[in-house]
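The primary structure of each chain is shown beneath.
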Amino acid sequence: MSKDSITTVTPDELRLKRARGEKGQTDWARVQAMTDEDIDHATAGDPDWAEFQDIDWSKAVLVVPKPKRSISIRVDDEIIDFFKSTSKGYQTRINAVLRHYVRQQKRHKK
């Protein structure tokens, strides 16, 4: 698939498109009708899929992340500046650091 054919929209833009009655270009009936063999054939020559060819997906489990709760906390400017300087997604990285800390604390209590 060419990068030129990939379109990115925000959730708000998608809601507006749906409200106007616009539909995506994906042929979902064709996708749903595909067999495992069809999928294997379609991905075999895809360079973006090459590193995943040998993974056993038979025991894969869909994990839907729980929604995060919005809170207000006070954090030192130095901390915020550091995480913001590391690019987009700084709140996600702060959450990951806190999650790691919690896991470590739980391990030490066992």
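What comes next concerns the included structure. (Residues numbered from 1 in each chain as written. Predicted model: local features only at pLDDT ≥ 70, side-chain atom pairs only at ≥ 80, totals over all residues. Heavy atoms only, no water.)

Comments concerning unusual backbone geometry
Test applied: Working definition: helices are DSSP H or I runs of at least four residues, strands are E runs of at least two. Numbering for both runs from the N terminus.
Of note, the phi angle at Ser-87 is positive, near 100 degrees, even though the residue is not glycine. On the secondary structure map, Ser-87 appears in the loop between helix H4 (77–85) and helix H5 (90–109).

Observations regarding the pattern of salt bridges
Keep this limit in mind: Salt bridge, as used here, is a side-chain nitrogen of Lys or Arg placed within 4 Å of a carboxyl oxygen of Asp or Glu. With a 1.4 Å probe rolled over the protein chains alone, any residue whose accessible area is under 20% of its type maximum counts as buried; one over 50% counts as exposed, and the rest are partly exposed.
Considering all chains together, one arrives at 3 salt bridges under this definition. For Asp-12, the salt bridge goes to Arg-15, with nearest N and O atoms at 2.9 Å. On the criterion of helical spacing, the pair formed by Asp-12 and Arg-15 is a turn pair, its members being 3 residues apart in helix H1 (residues 11–19). Taking the relative accessible area as the measure of exposure, Arg-15 reaches 53% and is therefore exposed. Taking the shortest distance from any N to any O, the salt bridge between Arg-20 and Glu-22 comes out at 2.7 Å. We classify Arg-20 as exposed; its relative accessible area is 55%. Looking at Glu-22, the relative accessible area reads 37%, which means it is partly exposed. What emerges from the salt-bridge pattern is a single network uniting Lys-17, Arg-20 and Glu-22.

Some remarks on the environment of Gln-104
Here Gln-104 lies in helix H5. When its relative accessible area of 22% is taken as the criterion, Gln-104 is described as partly exposed. Taking the C-alpha atoms as reference, Gln-104 lies 24 Å from Glu-78; in sequence the two are 26 residues apart.

A closer look at a negative patch on the surface
Cut-off, in case you're wondering: Residues enter patches when their relative accessible area tops 30% and they take part in no salt bridge; the joining distance is 9 Å for like charges and 5 Å for the nonpolar side chains Val, Leu, Ile, Met, Phe, Trp and Tyr. Values of accessible area rely on a 1.4 Å probe in the Shrake-Rupley scheme; residue burial ignores everything except the protein chains shown. Neither His nor the chain ends is counted toward charge; the positive residues are Lys and Arg and the negative residues Asp and Glu. Positions of charges follow a simple convention, taking NZ of Lys, CZ of Arg, CG of Asp or CD of Glu.
Judged by side-chain charge, Asp-36, Glu-37, Asp-38 and Asp-40 come together as a negatively charged surface patch. Here Asp-38 lies in helix H3 (residues 36–44).

Here we look at the packing of aromatic side chains
Short version of the rule: When two rings of Phe, Tyr or Trp (its six-membered ring) have centres within 6.5 Å they constitute a pair, described as stacked for plane angles under 30 degrees, edge-to-face for angles over 60, and tilted for the intermediate range.
Applying the stated criterion to the full structure yields 3 aromatic pairs. Ring centres 6.2 Å apart and planes at 20 degrees place the aromatic pair Trp-49 and Trp-57 in the stacked group. Owing to a relative accessible area of 31%, Trp-49 belongs among the partly exposed residues under this scheme. What makes Trp-57 partly exposed here is its relative accessible area of 45%. Site record: aromatic cluster; members linked through ring pairs are Trp-49, Phe-52 and Trp-57.

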